[in-house]
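# Reading the structure
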Amino acid sequence: MNSYPMSNSCRNETIKQLVESYTVGQFNELYLSDEAFRKYARKVYTYFDNMRPGTCLRLTSYQGQKLEWLLLTYVAFYFESLHWLEFYISDDYTAVCRRNTTPEEREKDIRAYIKWKAQHG
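Described in the following lines is the structure provided in the data block. (Residues numbered from 1 in each chain as written. Predicted model: local features only at pLDDT ≥ 70, side-chain atom pairs only at ≥ 80, totals over all residues. Heavy atoms only, no water.)

Further remarks concern the environment of E35. Summarising the element assignment, E35 is placed in helix α3 (residues 35-50). Among the residues examined, E35 registers a relative accessible area of 47% and is labelled partly exposed. Of note is the side chain of E35, whose polar atom sits 2.5 Å from the side chain of R38. (Helix = DSSP H or I, 4+ residues; strand = E, 2+ residues; numbered from the N terminus. Buried < 20%, exposed > 50% of the residue type's maximum accessible area, 1.4 Å probe, protein only. Polar contact = N/O pair within 3.5 Å; in protein donor to acceptor, adjacent residues only side chain to side chain.)

Before going further, it helps to spend a moment on the side chain of R38. With respect to the helices, strands and loops of the structure, R38 is situated in helix α3. The class for R38 is buried, based on a relative accessible area of 17%. Reaching out from R38, the side chain makes a polar contact with the backbone oxygen of Y31 at a distance of 2.4 Å. In this structure, R38 is in contact with Y31, L32 and S33, ignoring residues within four places of it in sequence. (Contact = heavy atoms within 4.5 Å.)

Okay, the side chain of E86 next. Within the secondary structure, E86 is located in the loop between α4 (64-79) and β2 (87-89). In this structure E86 comes out as buried when scored by relative accessible area, which is 8%. Among the polar contacts listed, one links the side chain of E86 to the side chain of R106, at a separation of 2.9 Å. Here E86 is in contact with C97, R98, R99 and R106, once residues within four sequence places are set aside.

Take a look at the structure:
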């Protein structure tokens, strides 16, 4: 991974490009080969798991390798299980947020996804 300059003018575009380029495979490869990343990723994963509905993690607090690792971990977390139903990156790419949904809304979303998946394979 590269360290990207984080001036205010390119920060959001850089975050967008990183998120859109990262894969779960890259996460797995780095997780298996780098102890420092593995330790950091576990903390980030736990943080995401424990985020309260309606809260956001400000990406503007991170830069360099920590930002890259956080985003790579987010990508893996997002695609694991049904986290994509609850988590998103803000439109301006400044925060990772957890939706504030009721259990009933979440169940409705899950049922709709299962129905869609059955229809579209």
